[in-house]
Amino acid sequence: MTARTVLKLALPKGRLLEPSLTLLRSIGAAVSEPAATRKLLVPSSDGTLSVLFVKPADVPVYVESGAADVGITGTDVLRETAADVLEPLALGFGRCRMVVASPTQIPYPALPGGVTPRVATKYPRLTRAFFAETGQGVEVITVSGSVEVAPLLGLSHWIVDLVDTGRTLRENGLVERAPILDVGAVVVVNRASQKLRLEEHQRLLQALHDATT
Ligand code: PRP
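Residues numbered from 1 in each chain as written. Predicted model: local features only at pLDDT ≥ 70, side-chain atom pairs only at ≥ 80, totals over all residues. Heavy atoms only, no water.

**Brief notes about the side chain of Asp76**
- Inspection of the secondary structure assignment puts Asp76 in helix 4 (residues 75-81).
- Setting aside residues up to four positions removed in sequence, Asp76 forms contacts with Arg15, Met98, Tyr123, Leu126, Leu162, Leu181 and Val183. (Helix = DSSP H or I, 4+ residues; strand = E, 2+ residues; numbered from the N terminus. Contact = heavy atoms within 4.5 Å.)

**Observations regarding the sheet that holds strand 2 (residues 41-43)**
- The 6 strands lie next to each other as 2-3-1-4-11-5, forming an open sheet whose pairing is mixed. Strand pairing shows two members of the sheet lacking a second neighbour, strand 2 and strand 5 (86-90), which therefore form its edges. Going across the sheet, the axis of each strand differs from the next one's by a mean of 30 degrees, ignoring polarity.
- Pairing geometry for strand 2 and strand 3 (residues 49-54), over 3 bridges, is antiparallel. Looking at strand 3, one finds that Leu41 is bridged to Leu52.
- This element, helix 1 (residues 17-26), spans strand 1 (7-12), strand 3 and strand 4 (70-74) of the sheet and lies at about 145 degrees to strand 1.
- Sitting on the sheet, helix 8 (residues 198-212) is in contact with strand 1, strand 3, strand 4, strand 5 and strand 11 (185-189), with an inclination near 30 degrees to strand 5. (Pairing = 2+ DSSP bridges. Axes fitted to C-alpha atoms, helices over the stretch in contact; angles between N-to-C directions.)

**Things to note about the layout of surface pockets**
- Here the largest pocket is characterised by a volume of approximately 600 Å³.
- Forming the walls of the largest pocket are 30 residues, and the residues nearest its centre are Arg15, Asp76, Lys122, Tyr123 and Leu162.
- Secondary structure elements with two or more residues in the lining of the largest pocket: strand 4, helix 4, strand 9 (158-163) and helix 6 (167-171).
- Looking at the lining of the largest pocket element by element, the count peaks at 4 residues for helix 4.
- Of the residues contributing to the lining of the largest pocket, the split by class is 11 nonpolar, 10 polar and 9 charged.
- Residues from two domains meet in the lining of the largest pocket; each of domain 1 (7-94 + 184-212) and domain 2 (96-182) gives at least three.
- Roughly 190 Å³ of internal volume is contained in the second largest pocket. (1 Å grid on protein atoms, 1.4 Å probe; cavity = no way out; pocket = protein on both sides within 12 Å on 5 of 7 lines; lining within 4 Å. Points joined across faces, edges and corners; volume = space filled by probe spheres on them. Nonpolar A, V, L, I, M, F, W, Y, C, P; charged D, E, K, R; others polar. Domains from an automatic or database assignment.)

**Considerations on the pairing of strand 3**
- Buried residues dominate strand 3, accounting for 6 of its 6 residues.
- In strand 3, alternate side chains face the same way, and those of Leu49, Val51 and Phe53 on one face and Ser50, Leu52 and Val54 on the other are all buried.
- The pairing of strand 1 with strand 3 spans 6 bridges and is parallel. Following the sheet pairing, Lys8 is matched in strand 3 by Ser50.
- Here strand 2 folds back onto strand 3, and the loop between the two strands holds 5 residues, one of which, Gly47, carries a positive phi near 75 degrees. (Buried < 20%, exposed > 50% of the residue type's maximum accessible area, 1.4 Å probe, protein only.)

**Quick word on the site of the ligand**
- The immediate surroundings of the ligand are formed by Arg15, Lys122, Glu148, Asp161, Leu162, Val163, Asp164, Thr165, Gly166, Arg167 and Thr168.
- Here Gly166 contributes a backbone N or O atom positioned 2.7 Å from an oxygen atom of the ligand.
- Note that an oxygen atom of the ligand is positioned 2.4 Å from one of the side-chain N or O atoms of Thr168.
- Out of a free accessible area of 500 Å², the ligand has 65% covered by protein chains. (Near = heavy atom within 4 Å. Polar contact = N/O pair within 3.5 Å; in protein donor to acceptor, adjacent residues only side chain to side chain. Areas by Shrake-Rupley, 256 points an atom, 1.4 Å probe, with all protein chains shown as cover.)

**Quick word on unusual backbone geometry**
- Residue Pro109 is bonded to the preceding Tyr108 through a cis peptide linkage, with omega at 15 degrees.
- Of note, Pro109 is situated in the loop between strand 6 (96-103) and strand 7 (118-121).
- Phi is positive for Ala82, which is not a glycine, with a value near 55 degrees.
- Considering the arrangement of structural elements, one finds Ala82 in the loop between helix 4 and strand 5.

**Re the domain arrangement of the protein chain**
- Each assigned domain of the protein chain is listed here: domain 1 (7-94 + 184-212) and domain 2 (96-182).
- Each of domain 1 and domain 2 has a C-alpha centre, and these two points are 30 Å apart.
- Listed as interface residues are 9 residues of domain 1 and, on the opposing side, 10 residues of domain 2.
- The contact between domain 1 and domain 2 buries some 700 Å² in all, and 53% of this surface belongs to carbon and sulfur atoms.
- Of all residues in domain 1, the largest losses of buried area upon contact with domain 2 belong to Asp76, Arg79 and Glu80, amounting jointly to 68% of the total for that side.
- Taken together, the connections running from domain 1 to domain 2 amount to 0 salt bridges.
- Here domain 1 and domain 2 share 5 residue pairs in polar contact (both at pLDDT 80 or more) between them. (Buried area = accessible area lost by both parts, 1.4 Å probe. Salt bridge = Lys/Arg side-chain N within 4 Å of Asp/Glu carboxyl O.)

Right under this line is the structure:
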């Protein structure tokens, strides 16, 4: 008897975690939440997966390197890291958008007196690409979280961040100025792993596809 191949699945410990766990439950591959056990690599209940819990921005990194065979991530971090992975399935949850926002009193798309705008973001690559496209010279300030507070503290004039309901922007006196990217959860797959373990990948992708359509 040959040993069953278990795929390693990377999940992001952020806004996509709950819907990802719900999805895994729906295909019979339940796992306990990391907050409950503090274990970061756990087998799924049906024995088909080893689930790895990592920071959201690291899912594409783990999958590209082959440390994980497959992952669930947002297109925001996927495009930011530009990881070389397969992207076979959009999951239909985690939809939001990446935008430029600023305080109502700070002008957009240019500042008076030709001042170079400072833009705070967790997405420096996408932010630079967006402003390079518009022709606006900006200084990008990379922060790792709580981006909306940057203009209030005088750290930046504008921000680039995700917006879902818009509440965080409103509560912090910010308005949307320009859309950058539509964001949603997707499955990502390591290229070599898919070749080596085609059957296991196909089984998992088919189950995820059937559960999300
Ligand atoms: C995102 C984003 C905003 C918030 C927007 O944060 O960075 O802070 O959601 O949601 P809203 O429009 O419904 O108010 P996320 O939950 O991804 O956590 P983060 O702080 O790690 O970015």
